[in-house]
Amino acid sequence: MYSIGQAAELTSFSIDTLRYYEKIGLMKPPKRGPGGLRSYSEDDVRQLSSLHCLKKTGLSLDEMKTFLQEGRCFANPAFPLSVEDRKTIESRVQILSEHMVRMEAQYLALANIIEETREKLDFYNGIIEKEAVKK
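Residues numbered from 1 in each chain as written. Predicted model: local features only at pLDDT ≥ 70, side-chain atom pairs only at ≥ 80, totals over all residues. Heavy atoms only, no water.

S.K.: Any chance you could break down the pattern of salt bridges for me, citing the residues and the numbers?
M.R.: Considering all chains together, one arrives at 7 salt bridges under this definition. Among the ionic pairs, Asp16 bridges to Arg19, the shortest N-O distance being 3.7 Å. Of this pair, Asp16 and Arg19 are both found in helix H2 (residues 15–23), 3 residues apart, which corresponds to roughly one turn of the helix. A relative accessible area of 57% places Asp16 in the exposed class. For Arg19, a relative accessible area of 39% puts it in the partly exposed group. In this structure, Lys28 and Asp44 form a salt bridge, with 2.7 Å as the shortest nitrogen-oxygen distance. Of this pair, Lys28 sits in the loop between H2 and strand E1 (31–32) while Asp44 sits in helix H3 (residues 42–57), and the two are 16 residues apart along the sequence. Connected through salt bridges with shared partners, the residues Glu22, Arg32 and Arg38 form a single ionic network. (Salt bridge = Lys/Arg side-chain N within 4 Å of Asp/Glu carboxyl O. Helix = DSSP H or I, 4+ residues; strand = E, 2+ residues; numbered from the N terminus. Buried < 20%, exposed > 50% of the residue type's maximum accessible area, 1.4 Å probe, protein only.)

Here it is, written out as structure tokens:
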């Protein structure tokens, strides 16, 4: 079992973020120890690590909540899939597919900005080089 500080350190979230995620229902409340102190299990830390991965992709909190709603990771799925498991997986595919489209658009926009910045750098460096030649 881990304290909130240890869980925060292990998952790279702040203590405030852990409390907020609990408050909004993004994660289930951890067990409470003596004096009401939060006590995080290995499963809690794994779920928080999953949230951290989803957050790094840029999913919104609502999307992360929907994604994790069923709490299944499907690391070792049983075949054939149940109707419920299939729906969960299809929901996650839809969330990630829509998010991928947004990320690819952001990537292209950023690539254009990088290219424009390179062109400006080349332009200004060219001016500096011309000045050096004329001296």
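S.K.: Tell me about the packing of H3 against helix H4 (residues 61–68), residues and numbers included.
M.R.: It is at 10 Å that the axes of H3 and H4 come closest, and there the two elements cross at 135°. One way to sum up the angle between H3 and H4 is to call them oblique. When you trace H3 past H4, the crossing you get is right-handed. Packed against H3, whose contacting residues are Gln47, Leu51, Leu54 and Lys55, the element H4 presents Met64, Phe67 and Leu68 at the interface. Grouping the amino acids of the contact of H3 with H4 by side-chain chemistry returns 5 nonpolar, 1 polar and 1 charged. (Axes fitted to C-alpha atoms, helices over the stretch in contact; angles between N-to-C directions. Parallel < 35°, antiparallel > 145°, perpendicular 65-115°, else oblique. Left-handed = near helix turned anticlockwise from the far one by under 90°. Contact = heavy atoms within 4.5 Å. Nonpolar A, V, L, I, M, F, W, Y, C, P; charged D, E, K, R; others polar.)

S.K.: Any details on the environment of Gln47? Residues and values, ideally.
M.R.: Relative to the assigned elements, Gln47 resides in helix H3. Residues Gln47 and Leu68, spaced 21 residues apart in sequence, show a C-alpha to C-alpha distance of 8.8 Å. Setting aside residues no more than four positions away along its own chain, Gln47 makes contact with Leu26, Met27, Lys28 and Leu68.

S.K.: Go over helix H5 (residues 83–134) with me, naming the residues and quoting the values.
M.R.: Relative to the 76 Å expected for 52 residues at 1.5 Å per residue, H5 spans 76 Å between its end C-alpha atoms, a close match to the ideal helical length. Taken residue by residue, H5 has Asp85, Thr88, Arg92, Ile95 and His99 as its buried positions. Contacts made by the buried residues of H5 are with H3 and H4. (Expected span 1.5 Å × (residues − 1).)

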